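Chains, contacts and geometry: an overview
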Amino acid sequence: MTGPLDGVRILDLSSNFMGPYATLLLADMGADVSKVESPDGDTTRGIGPCRNPGMSAIFLHLNRNKRSLVLDLKSEGGNAALKRMIRSADVLLYSLRPKSMAGLGLSYEDAREINPGIIYCGVYGFGQGGPYADRPAYDDLIQAAVGMPVLQSRKAGPPEYVATAIADRVVGMAATSAISMALYRREQTGHGQEVQVPMFETFAHFVLGDHLYGHTFSPPIGDWGYARMMNPDRRPYRTLDGYVGTNIYTDRHWRRFCEITDHPERADDPRFATVQARTENIALVNEFVAGVFPTRTTAEWLALLVEADIPIIEVNTPETLLDDPHMKEVGFFVEQEHPTEGPLRMPGIPQRWSETTPELRYPAPRLGEHSAELLAEYGFSGSEIDDLLSSGAAQDAATPPAG
């Protein structure tokens, strides 16, 4: 056994970030993920530095532990092949718009007729009951739609996107949770089901838990936006020789910090004495803390605040994170030898399991690398596979496209 989802078969009809991130998490947990790609391949194959075309840094990180099968779903043979594979799959995940899936004869009703036990999960832009249902969506659009750029600008200056594909990855995680729960339910009842995971609604749920704030109440009690998170001075603090991140959050933290910095009068000041008071006066809090930190070096602050059990961490870049002593000790980064791309550095699997330990089984696949292998595992004969490859309905890494 190579993870808690060992034995679960997933057909992954997604591309870009959101769907592949969902299936990455499932694949890391042991699921057998067949990445079903068009003859052009996943768009992310061309995003970022690469040693060979189609094997970019972004693609490598999103698609390890998967195998690639190329099918032209617009062709009769490729479409029929996928439907045959649905018979023995546990999960079908897709990121096309539902109308496009229906146009391919791959709606939930179509899939359920082939396999009543299938978990059929759609990850796409907008829920199908609203006026945006047919619109395309990407991470930037969904960040904009839920107000993230305005929140990120701290109500001052031009709106800004978060510097990571946060909506794609959050919604991808939500999809893994939904699929896992649907699989559990099927174990109890024997019934498959459709699961819809729209980006807009899912990411709004993620963001508004913090920022609906005063509008939680009807009528509103105050403004929207968690004041501490949106304050313009909520940022790492400059020290004498660098930056640190700290969160002097609880009343105990605050009192200890005031003692350490020789400002005991701040501990009982009614503007700062409680979490609620500090939240209401967050601009003054940040001004005071920002003025104190430049008086010592990063190492001095780390020693003082760690000893006082006040949360603090040195600010890393992605490069310096590679040498972070904690990450080194827990073995977070792993070296993986790719058969065509050479040595790769990857984040490992961060969870620890006492019984069903997940493993890095496969490096990210070349386009169509496993087409023949996967078709055979799903019950296709050698002659059937040859016919699919020669017609262009399927394609493997060694076979040029038909025509």
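Shown above is the structure to which this text applies.
Report follows, based on the coordinates.

Quick notes on the rules
Residues numbered from 1 in each chain as written. Predicted model: local features only at pLDDT ≥ 70, side-chain atom pairs only at ≥ 80, totals over all residues. Heavy atoms only, no water. Helix = DSSP H or I, 4+ residues; strand = E, 2+ residues; numbered from the N terminus. Buried < 20%, exposed > 50% of the residue type's maximum accessible area, 1.4 Å probe, protein only. Polar contact = N/O pair within 3.5 Å; in protein donor to acceptor, adjacent residues only side chain to side chain. Contact = heavy atoms within 4.5 Å. Axes fitted to C-alpha atoms, helices over the stretch in contact; angles between N-to-C directions. Parallel < 35°, antiparallel > 145°, perpendicular 65-115°, else oblique. Left-handed = near helix turned anticlockwise from the far one by under 90°. Nonpolar A, V, L, I, M, F, W, Y, C, P; charged D, E, K, R; others polar. Pairing = 2+ DSSP bridges. Core = buried A, V, L, I, M, F, W, Y, C linked by side-chain atoms within 4.5 Å. Salt bridge = Lys/Arg side-chain N within 4 Å of Asp/Glu carboxyl O.

What follows concerns the side chain of Arg64. Structurally, Arg64 can be placed in the loop between helix H2 (57-62) and strand E3 (66-71). What makes Arg64 buried here is its relative accessible area of 4%. Separated by 3.5 Å, the side chain of Arg64 and the backbone oxygen of Gly348 make a polar contact. With sequence-adjacent residues up to four places away left out, Arg64 is seen in contact with Leu24, Ala27, Asp28, Met346, Pro347, Gly348, Ile349, Leu360, Tyr362, Pro363 and Ala364.

Another aspect to go through is the packing of helix H6 (residues 139-146) against helix H9 (residues 199-211). At a closest axis distance of 9 Å, the pairing of H6 and H9 adopts a crossing angle of 55°. Between H6 and H9, the interaxial angle falls into the category oblique. The hand of the H6/H9 crossing is right-handed. Residues Asp139, Ile142, Gln143, Ala145 and Val146 of H6 form the contact with H9, whose participating residues are Met199, Phe200, Phe203, Ala204 and Val207. Residues belonging to the contact of H6 with H9 are distributed by class as follows: eight nonpolar, one polar and one charged.

On to the pairing of strand E5 (residues 119-124). Counting buried residues along E5, six of its six residues qualify, which places the element largely inside the surrounding structure. Two elements, strand E4 (residues 91-94) and E5, share four bridges in a ladder whose sense is parallel. Residue pairing for E5: Leu92 is matched across the bridge by Tyr120. As paired strands, E5 and strand E6 (residues 193-198) are joined by six bridges and run parallel to one another.

Judged by nonpolar contacts, the single largest core of 39 residues is most densely connected at Cys121, Val197 and Phe203. Residue assignment for this core shows that the elements contributing at least two residues are helix H1 (18-28), E4, E5, H6, helix H7 (148-152), helix H8 (166-189), E6 and H9. A total of nine residues in this core trace back to one element, the largest contributor, which is H8. Excluding its chain neighbours within four sequence positions, the residues that come into contact with Phe203 are Ile142, Gln143, Val146, Met148, Ile166, Ala167, Val170 and Val171.

Our next topic: the environment of Leu375. Tracing the sequence through the fold places Leu375 in helix H18 (residues 371-377). Separated by 112 residues in sequence, Leu375 and His263 have C-alpha atoms that sit 70 Å apart. In contact with Leu375, other than residues within four places in its own chain, are Leu69, Met85, Phe380, Ile385, Leu388 and Ala394.

Considering all chains together, one arrives at 16 salt bridges under this definition. The partner of Glu373 in a salt bridge is Arg67, and the shortest N-O contact between them spans 2.5 Å. Here the residue Glu373 occupies a position in helix H18, and Arg67 occupies one in strand E3, the gap between them amounting to 306 residues. Owing to a relative accessible area of 38%, Glu373 belongs among the partly exposed residues under this scheme. Given the relative accessible area of 2%, Arg67 is considered buried. Within the structure, one salt-bridge network assembled from shared partners comprises Asp32, Arg67, Glu373 and Glu377.

Any functional reading would require information beyond the geometric quantities listed.
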